[in-house]
Amino acid sequence: MTAQSPAGTGRTRRQAAVAAGIGNFMEWFDFAVYGFFAPTMGKVFFPDSSATVGLLSSLAVFGVAFFFRPIGGLVLGSLGDRRGRRFTLSVSVLMMGVTTTLIALLPSYAAVGALAPVLLVILRCLQGLSAGGEWTGSSAFLLEMVPDNRRGLFGSVISATAALATVAGSFVALLIQSVVSDDAMLAWGWRIPFLIAAPLALIGLYVRLKIDETPVFTELQRLGQVSDKPLRAAGNRDLKPILLTLAIASVQGLGFYYLATYVVNYLTETVDLSRTSSLALSAVGLSVYMVLCPVAGMLADRYGRRRVNLVGSVGYVVLGLPAFVLMGQGGVATVLLGMLLLVVPQALVSVTTVVMLVELFPAATRSSGSATGFNIALAFVAGPGPFIATAIANATGSSVWPASYMVAVALVATAFLLKHLPETAGRNIGAEAPDPQLVREAS
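Thresholds applied
Residues numbered from 1 in each chain as written. Predicted model: local features only at pLDDT ≥ 70, side-chain atom pairs only at ≥ 80, totals over all residues. Heavy atoms only, no water. Phe/Tyr/Trp six-rings, centres within 6.5 Å; stacked < 30°, edge-to-face > 60°. Helix = DSSP H or I, 4+ residues; strand = E, 2+ residues; numbered from the N terminus. Buried < 20%, exposed > 50% of the residue type's maximum accessible area, 1.4 Å probe, protein only. Expected span 1.5 Å × (residues − 1). Arc of directions from axis to C-beta. Contact = heavy atoms within 4.5 Å. Core = buried A, V, L, I, M, F, W, Y, C linked by side-chain atoms within 4.5 Å. Domains from an automatic or database assignment. Salt bridge = Lys/Arg side-chain N within 4 Å of Asp/Glu carboxyl O. Axes fitted to C-alpha atoms, helices over the stretch in contact; angles between N-to-C directions. Parallel < 35°, antiparallel > 145°, perpendicular 65-115°, else oblique. Left-handed = near helix turned anticlockwise from the far one by under 90°. Nonpolar A, V, L, I, M, F, W, Y, C, P; charged D, E, K, R; others polar.

### Remarks on the packing of aromatic side chains
Two aromatic rings are characterised by how far apart their centres lie and by the angle between their planes. Going through the model one piece at a time under the given rule, you end up with twelve aromatic pairs. Their ring planes at 15° and their centres at 6.0 Å tell us that Phe25 and Phe29 sit as a pair that is stacked. Of this pair, Phe25 and Phe29 both sit in helix α1 (residues 10–36), four residues apart, which is roughly one turn of that helix. The pair Phe25 / Phe29 is uniform in exposure class, with both members buried. Arranged with centres 6.1 Å apart and planes meeting at 70°, the rings of Trp190 and Phe194 form a pair that is edge-to-face. The buried category is assigned to Trp190, whose relative accessible area is 0%.

Okay, here's the thing in structure tokens:
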């Protein structure tokens, strides 16, 4: 039995939850509005293409940011292990706010030609760099503050605020589309949600700078265990945890981006629902997911991470195709039922992934190791998901086969996790030397 990990007081735990939640909200709001406005931005930045090619081009730019996440994860993860969790989160929220605000100020293709999409790609890449340390950094920052037996519940804050941000993005998109004409939308309407990033970034930065460093990192400093080369250390001893993180994050990240980004465009372009109806139905589904996240966290605290995560992963394998069969029928009830088949397994895999990002790694290399595995998964598996699913829908003309990519990823990951994923509940995540048995499990 491992010793209790150091945790903050009740007040600092609440502050940590707010700090992690606000910054995480801002990041995913920024990413969500890009996904929701992808068709409009396709016309603004790729006007010489057909509507389908313009959408695919816009989604490709959406995916480009994910290829820069591993670089951001390496840089920010290393900073998190060398300079502290709070410092890294402050840098990431500031970078995300600045780059997103600059997207709102970009000239259109009509104004500057090919320079417009080039500038868009550059800013999306910088967004990817900043996002590379946000999810894993928030997880470490928050869970290093809380009691061992409540990590699942507190970890659900990370997943739930991502969903809340996406719902908020959908409502902003819905409001703008309901009051702005099509011509005005192309001219300036799409810029409005990106401008919201500026005040959100300032709020997130202020909150994060006000809170203390985590007790785990403070203890690392006191004991002289802060690694000066955490990336090298993680590469030498954390290979299996990195591979496990890659597997669980592939399912979690892809599932979330299907729900948060692809489903809206799928309902609009493939099922032929109106954009307003698609946004509203997506918001309802994500709201249900948000409510389910704390439930999933409590289940993980009671029954363990491994069991809950595997149930969610198997759920995607079994329910992925039926979910798209239902959504493809286009009725309100069938779309919502199809989304329910997706949000239940997503809540289970998402919350457990947040917790295991912390519990799988030793404190000294936690930010570097978790950011490496997580961002490789998002760059090469989850990030391209909306683009791949759209391409499958256009190639097959089917409303069901876009689910095949998600099901295939979940199937491969589940096979690996069934054999190799350990139970991590109750592990000591502090600066003390880990239990030898746990070291053998993770080596």
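Next comes the rest of the account.
### Description of helix α4 (residues 69–82)
Here α4 is 14 residues long and its end C-alpha atoms lie 19 Å apart, about the 20 Å a rise of 1.5 Å per residue gives. Of all 14 residues that make up α4, ten are buried, and the element is covered over most of its length. Along α4, the residues classified as buried are Arg69, Pro70, Gly72, Gly73, Leu76, Gly77, Ser78, Leu79, Gly80 and Asp81. The first or second residue beyond α4 is Gly84, which carries a positive phi of 115°.

### Re helix α13 (residues 215–223)
The set of residues buried in α13 consists of Val216, Phe217, Glu219 and Leu220. Viewed end-on, α13 has its buried residues packed into an arc of 155°, placing them on one side of the element. Looking at the buried side of α13, the elements it contacts are α4, α5 (85–104) and α19 (366–382). Trailing α13 by a residue or two, Gly224 shows a phi angle of about 70°, which is positive.

### Focus: the nonpolar core
Grouped together as the largest cluster of nonpolar side chains are 122 residues, with contacts concentrated most on Phe37, Met41, Phe45, Leu142 and Phe324. Phe45 has contacts with Leu106, Pro107, Tyr109, Ala116, Pro117, Leu120 and Trp190, leaving out every residue within four places of it along the chain. In terms of nonpolar packing, the next biggest core, distinct from the first, is built from six residues, Phe217, Ala363, Ala364 and Ala431 among them.

### Observations concerning the domain arrangement of the protein
On domain assignment, one finds that the protein holds domain 1 (10–213) and domain 2 (238–421). Across the boundary between the two partners, domain 1 contributes 54 residues, which contact 52 residues of domain 2. Linking domain 1 to domain 2 there are two salt bridges. Arg151 serves as the salt-bridge partner of Glu359, at 2.7 Å between the closest nitrogen and oxygen. For the side of domain 1 that touches domain 2, the secondary-structure elements that each account for two or more residues are α1, α2 (38–45), α3 (51–67), α4, α8 (134–143) and α9 (151–179). Here the element with the most residues in the side of domain 1 that touches domain 2 is α9; it accounts for 18 residues.

### A word on the packing of helix α15 (residues 239–270) against helix α16 (residues 275–303)
Interhelical geometry of α15 versus α16 gives an angle of 155° and a closest axis separation of 8 Å. Overall, the two elements α15 and α16 adopt an arrangement that is roughly antiparallel. Where α15 crosses over α16, the two elements pack in a sense that is right-handed. In this structure, α15 contributes Phe256, Leu259, Ala260, Val264, Asn265, Leu267 and Thr268 to the contact, and α16 contributes Arg275, Ser278, Leu279, Leu281, Ser282, Leu286 and Tyr289. Considered class by class, the residues forming the contact of α15 with α16 number nine nonpolar, four polar and one charged.

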